[in-house]
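Read off the chains here:
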Amino acid sequence: MSGTYLGMPSFPEAAKEAVHNVTLRANLRHATHTIRDKRALAVAELADWAELREAGKQIKDHTLRYLDRYLEQLETAVTEAGGTVHWAADAAEANRIVAGLVKATGEREVVKVKSMATQEIGLNEALEAEGISAYETDLAELIVQLGDDRPSHILVPAIHRNRGEIRDIFQDRMGSWGRPAPDGLSDNPTELAEAARLHLREKFLRAKVGISGANFMVAETGTLVVFESEGNGRMCLTLPETLISVVGIEKVVPSWRDLEVFLQTLPRSSTAERMNPYTSMWTGTADADGPQSFHLVLLDNGRTNALADEVGRQALRCIRCSACLNVCPVYERAGGHAYGSVYPGPIGAILSPQLRGIQSEIDASLPYASSLCGACYEVCPVAIDIPEVLVHLREKVADQGGKGHRLEKAAIKAAGWVLDHPAALAAGERAASRTRRLHPRKLPGAGAWTADRELPELPAESFRDWWKRNRT
Amino acid sequence: MSAGPHSRTSSRDRILARVRSAVAAAPEAPVPTRDYLTTHTPDDPAAVLDLLHENLADYRAVVHRTTADELPLLLMRLLAYRGSATVLVPPGLPPEWLSAADATRIHDRSVSTAQELDAVDSVVTGCALAIAETGTIVLDAGPGQGRRRITLIPDHHICVVRVPDQVVASVPQAMPRLDPTRPLTWISGPSATSDIELDRVEGVHGPRTLEVVLLQG
Ligand code: SF4
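Conventions used here
Residues numbered from 1 in each chain as written. Chains lettered and ligands numbered in written order. Predicted model: local features only at pLDDT ≥ 70, side-chain atom pairs only at ≥ 80, totals over all residues. Heavy atoms only, no water. Helix = DSSP H or I, 4+ residues; strand = E, 2+ residues; numbered from the N terminus. Buried < 20%, exposed > 50% of the residue type's maximum accessible area, 1.4 Å probe, protein only. Contact = heavy atoms within 4.5 Å. Areas by Shrake-Rupley, 256 points an atom, 1.4 Å probe, with all protein chains shown as cover. Buried area = accessible area lost by both parts, 1.4 Å probe. Salt bridge = Lys/Arg side-chain N within 4 Å of Asp/Glu carboxyl O. Polar contact = N/O pair within 3.5 Å; in protein donor to acceptor, adjacent residues only side chain to side chain. Nonpolar A, V, L, I, M, F, W, Y, C, P; charged D, E, K, R; others polar. Pairing = 2+ DSSP bridges. Core = buried A, V, L, I, M, F, W, Y, C linked by side-chain atoms within 4.5 Å. Phe/Tyr/Trp six-rings, centres within 6.5 Å; stacked < 30°, edge-to-face > 60°. Lys NZ or Arg CZ within 6 Å of the ring centre and 35° of its normal. Axes fitted to C-alpha atoms, helices over the stretch in contact; angles between N-to-C directions.

A. Molecular detail of the overall build of chain A. Across its full length, chain A holds 24 helices and ten strands. A buried classification covers 68% of the 472 residues belonging to chain A. Looking at chain A alone, contacts between residues at least 24 apart form 76% of all its contacts between residues at least 6 apart. Counting every atom, chain A has about 15,900 Å² of accessible surface; 49% of that belongs to carbon and sulfur.

Laid out in structure tokens, this is it:
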């Protein structure tokens, strides 16, 4: 039921549309600025943030280097704890495995806790084709699903909707999926949340099958971890008889102790909280507590392609905190949908073309969806050098030969919307070249961007100052 | 299942082979350095307790401090104040805790359905640990805590933390004290969402009210 990304226009075209959507831009601006200001405070509470960031980076790099060993260790630990491990090379295989597991229970409906991996593989649509209804239970995902829409932000997927729209969606659509919205529902957030609670509760209490992703998997112990706020995750993870978790192979960490790093960095980077309201950790199955049948589907779906790229593989460190979205001037302007993938913003611009390849128009254009200002790198809790990967991928797009060249040109040409605001671009690139250590001297992509256009005088102030003055 | 054991094995081998060839040329990656702090708080139990109190309250948990003698009366009052007629009790909860409470005790049995638990007003549990720096209580399904579902379904959760032995300052101090083979639930304030225009609303699916009792002595 939720829309797919098939047939998306390239980034610049999709972005142009978003730039003209006033509601969307106002919502996004409010959201990104609010979250990033709060995040800065939450991070400032920890004097050792730089060390935590470095540890997180190193843990992930170490895991990726020996990923085969850690995956095998994880498989053994999960199996010993009573779970069953499945391996899925691509989306189709993962969907087949999950649909098969659900059918084996005899059930026709499942409850889901928000999972980017299952969105990435289009699981809901695949289940629907098999006659299985998958209910999203995160409030924002529910809004997106009922609205027959797509998520636009990693953390707050329905951020492009305001309260009036949400009220209308609930009133019009809840009834066809279960308990209807209460009569006279207002657009007050408390009332809207209550409507969602009532609508979903009847589904939780009768659900026999739950589907989740995971934020982390611990190789040493076989433990899976889900961070959330609303309790819908706990409902999906503990009430059903069968739990199926679909998780990208890069989500593994070696040891139990490693979690202490991410338990500190993820909530602060993501929701700007010291800790999110609920974190669930489970290891296989437990006697009479929670699902008695647990399946883990380990998903590749392009991750090993990214892993093979020595510059690009750092994208697999991502813990999906969404901090890079909230500081990105291009994301703020373009909105999450323009990225044509479940992964929006700066991380989407480097992850999607690596997972899917750069043959399509959208994927070839994504490495250009940036001003290379470097803010995404600065906030990233695992220090992914997103600008470095963007530049690297631009080279790859340019190297594709005839077709790639055409795509590159198209991407640059259609991207007038950023160049319509040349101060942002110029200031961004100036800050990038001045402040970023690992930044290459020559910017192949940026060179092409600026080749056929006069750049204005570079402002004397730093990008951050300019940004503060102009955008806050 | 549609993917038979044969295709499962081959996908497993294929993925592992792709991983191996992807990293074959990469340099060895050292064991991660851990230069971060194990705590951000002075080693003073009173200060740690105050910080726990403050951070719990900051995330909108209702915090009480009491002693063993006063606990039964406090719990009685908290349940009465909410008008709770029924209270869920995990199997290993010390019986004296609820000795003064009027509410009818409901025991979580494996045959109890989620619908039955949904009709209960409150739940009282202990915990495994509390973490001051993050304002978090951790449940590990131990005897005084019960199954994960009992602290999820009722709308009102009272959690008793024994001070000082169940209080740690930081997340790194908590990890070695927790057993990953047990199901763990980390709770920081009541259920909340900020999905509608970033307005924080408490209580979507988990308990709307979390009360934490710091039990001293
Ligand atoms: S790339 Fe870094 S900042 Fe962006 S979502 Fe991933 S971890 Fe967070």
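B. Seen up close, the interface of chain B and chain A. Facing the 79 residues of chain B at the interface are 99 residues of chain A. Taken together, the two surfaces of chain B and chain A that pack against each other cover about 7,700 Å², and 57% of this comes from carbon and sulfur. Of all residues in chain B, B:Arg148, B:Asp195 and B:His205 bury the most surface against chain A, accounting for 10% of the area lost on that side. Counting across the chain B and chain A interface gives 14 salt bridges. Put simply, B:Arg148 and A:Asp289 hold a salt bridge, and the shortest N to O gap is 3.2 Å. The interface formed by chain B and chain A contains 48 residue pairs in polar contact (both at pLDDT 80 or more). Elements supplying a minimum of two residues to the side of chain B that touches chain A: helix H1 (5-23), helix H2 (45-58), helix H4 (114-118), helix H5 (171-174), strand S9 (184-187) and strand S10 (192-193) of chain B. Residue contributions to the side of chain B that touches chain A peak at twelve residues, all from H1(B). Across the side of chain B that touches chain A, the residue classes tally to 37 nonpolar, 21 polar and 21 charged. Strand direction decides the pairing type here: strand S9 (residues 278-283) of chain A and S9(B), joined by four bridges, are antiparallel.

C. Region of the structure containing the sheet that holds strand S6 (residues 223-228) of chain A. The mixed open sheet is built from eight strands, whose spatial order is S8(A)-S5(A)-S6(A)-S9(A)-S9(B)-S6(B)-S5(B)-S8(B). Looking at strand neighbours, the two that pair on one side only are strand S8 (252-253) of chain A together with strand S8 (167-168) of chain B, the edges of this open sheet. Relative to strand S6 (residues 136-139) of chain B, strand S5 (residues 129-131) of chain B runs antiparallel, the two being bridged by three bridges. Residue pairing in the sheet places B:Ala130 in a bridge with B:Ile137 of S6(B).

D. Structural view of the nonpolar core. Counting 113 residues, the largest nonpolar core has A:Leu259, A:Leu296 and B:Trp186 as the members making the most contacts within it. Residues within four places of A:Leu259 in sequence aside, it is in contact with A:Phe216, A:Val218, A:Val225, A:Val253, A:Met281 and B:Met175. With 36 residues, the next largest nonpolar core counts A:Val113, A:Leu142, A:Ala158 and B:Val201 among its residues.

E. Quick peek at the packing of aromatic side chains. Residues and elements named next belong to chain A. Counted according to the given criterion, the structure contains five aromatic pairs over all chains. Ring centres 5.9 Å apart and planes at 65 degrees place the aromatic pair phenylalanine 216 and phenylalanine 227 in the edge-to-face group. Linking phenylalanine 216 in strand S5 (residues 216-218) with phenylalanine 227 in strand S6, this pair joins segments that are eleven residues apart in sequence. For phenylalanine 227, a relative accessible area of 13% corresponds to the buried category. Aromatic ring contacts, followed pair by pair, group Phe216, Phe227 and Phe262 into a single cluster. Directly above the ring of tyrosine 278 sits arginine 234, whose terminal nitrogen or CZ lies 4.7 Å from the centroid.

F. Up close: the pattern of salt bridges. This model, assessed by the stated rule, comprises 38 salt bridges over all chains. The partner of A:Arg161 in a salt bridge is A:Asp149, with the nearest N and O atoms 3.1 Å apart. Pair noted here: A:Arg161 is in the loop between helix H8 (139-146) and helix H9 (163-177) and A:Asp149 is in the loop between H8 and H9, with a separation of twelve residues, a long-range link. Judged on exposure class, the residue A:Arg161 and its partner A:Asp149 are both buried. One salt bridge connects B:Asp155 with A:Arg197, and the closest N-O pair in it is separated by 3.1 Å. With B:Asp155 in the loop between S6 and strand S7 (156-163) and A:Arg197 in helix H10 (residues 189-206), this pair bridges two chains. Look at the salt bridges and you will find they share partners, linking A:Asp68, A:Glu72, A:Glu75, B:Arg12, B:Asp13 and B:Arg20 into a network.

G. How the structure looks around the sheet that holds strand S3 (residues 133-136) of chain A. Residues and elements named next belong to chain A. If you trace the six strands from one edge of the open sheet to the other, you get S1-S10-S7-S4-S2-S3, paired in parallel fashion. Sheet topology places strand S1 (83-88) and S3 at the edges, where each strand pairs with a single neighbour. On average, each strand axis in the sheet is tilted by 25 degrees relative to the strand beside it, whichever way the strands run. Sheet analysis places strand S4 (residues 209-212) next to strand S7 (residues 242-248), joined by four bridges and oriented parallel. Among the inter-strand pairings, valine 209 is bridged to a residue of S7, identified as threonine 242. Lying over the sheet, helix H4 (residues 67-80) contacts S1 and strand S10 (293-299), oriented at roughly 145 degrees with respect to S1.

Note that all results are geometric; they support no functional claim without further evidence.
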